[in-house]
Amino acid sequence: GTNALIVIVPKRQYRAWQKELKKVEDELEKRLMHPTFVIAQRSIMKKPGSKRMHRPRGRTLRAVHEAVLNDIVFPDDIVAKRTRFAVGGAQLLKVYLAPKDKDVTKDRLPALKAVH
């Protein structure tokens, strides 16, 4: 398998981290010889038991998974997503990234697959 380093930062600090993210990732990758990913720590709330309770959209299972995927591929942009459903019930998510940094992304692709 592929080894990768995942750095989890608090969600409130993630925007500040994104500004310096490339420098930090490059330095960690040089020192540790593994691809590095910085993601925000998010929490999933279960469905509310009663009608009166409210669950924010950002805390739903789907929203958290989408946000983590965006964090993992951060310097790149997701252009399209396709979900393939197999007969046995298995799902395969295909993510298409913007081709602007194709050379940089090509090296990290096995690690991206392993992390997600």
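Preceding this section is the structure that the text describes.
Residues numbered from 1 in each chain as written. Predicted model: local features only at pLDDT ≥ 70, side-chain atom pairs only at ≥ 80, totals over all residues. Heavy atoms only, no water.

A. Looking closely at the side chain of glutamate 25. By the element assignment, glutamate 25 lies in helix H2 (residues 21–32). Among all residues touching glutamate 25, those that are not within four sequence positions of it are Thr36, Phe37, Val38 and Arg108. (Helix = DSSP H or I, 4+ residues; strand = E, 2+ residues; numbered from the N terminus. Contact = heavy atoms within 4.5 Å.)

B. Representation of the pattern of salt bridges within the structure. Applying the stated criterion across every chain, the model contains seven salt bridges. Between lysine 22 and aspartate 26 there is a salt bridge; the shortest N-O distance is 3.9 Å. Of the two residues, lysine 22 and aspartate 26 are both situated in helix H2; the distance of four residues between them amounts to about one turn of the helix. Residue classification places lysine 22 among the partly exposed residues on the basis of a relative accessible area of 38%. Close ionic contact of lysine 81 with glutamate 66 constitutes a salt bridge, the shortest N to O distance being 2.1 Å. (Salt bridge = Lys/Arg side-chain N within 4 Å of Asp/Glu carboxyl O. Buried < 20%, exposed > 50% of the residue type's maximum accessible area, 1.4 Å probe, protein only.)

C. Quick peek at the side chain of aspartate 76. You can see aspartate 76 is positioned in the loop between helix H3 (61–72) and strand S3 (78–85). One buried charged residue, aspartate 76, remains without a salt bridge, the closest side chain of opposite sign being lysine 100 at 5.9 Å. (Lys, Arg positive; Asp, Glu negative; His and termini not counted.)

D. Fine view of H2. Here H2 contains twelve residues, and its C-alpha end-to-end distance of 16 Å stays within 8% of the 16 Å for a straight helix at 1.5 Å per residue. Positive backbone phi, approximately 60°, marks methionine 33, located one or two places after H2. (Expected span 1.5 Å × (residues − 1).)

E. Layout of the environment of valine 64. Inspection of the secondary structure puts valine 64 in helix H3. Taking the relative accessible area as the measure of exposure, valine 64 reaches 5% and is therefore buried. Spatially, the C-alpha atoms of valine 64 and methionine 45 are 9.8 Å apart, while their sequence positions differ by 19 residues. Those residues in contact with valine 64 that lie beyond four places of it in its chain are Arg42, Ser43, Ile44, Gly58 and Arg59.

F. Main features of the nonpolar core. Counting six residues, the largest nonpolar core consists of Phe37, Ile39, Ile72, Val73, Ala111 and Leu112. Mapped onto this core, the elements with two or more residues apiece are strand S2 (36–41) and helix H4 (102–115). Once residues within four sequence positions are removed from consideration, valine 73 is found in contact with Ile78, Leu97 and Leu112. Counting residues in each nonpolar core, the second largest holds five residues, with Val9, Tyr14, Val38 and Ala40 among its members. (Core = buried A, V, L, I, M, F, W, Y, C linked by side-chain atoms within 4.5 Å.)

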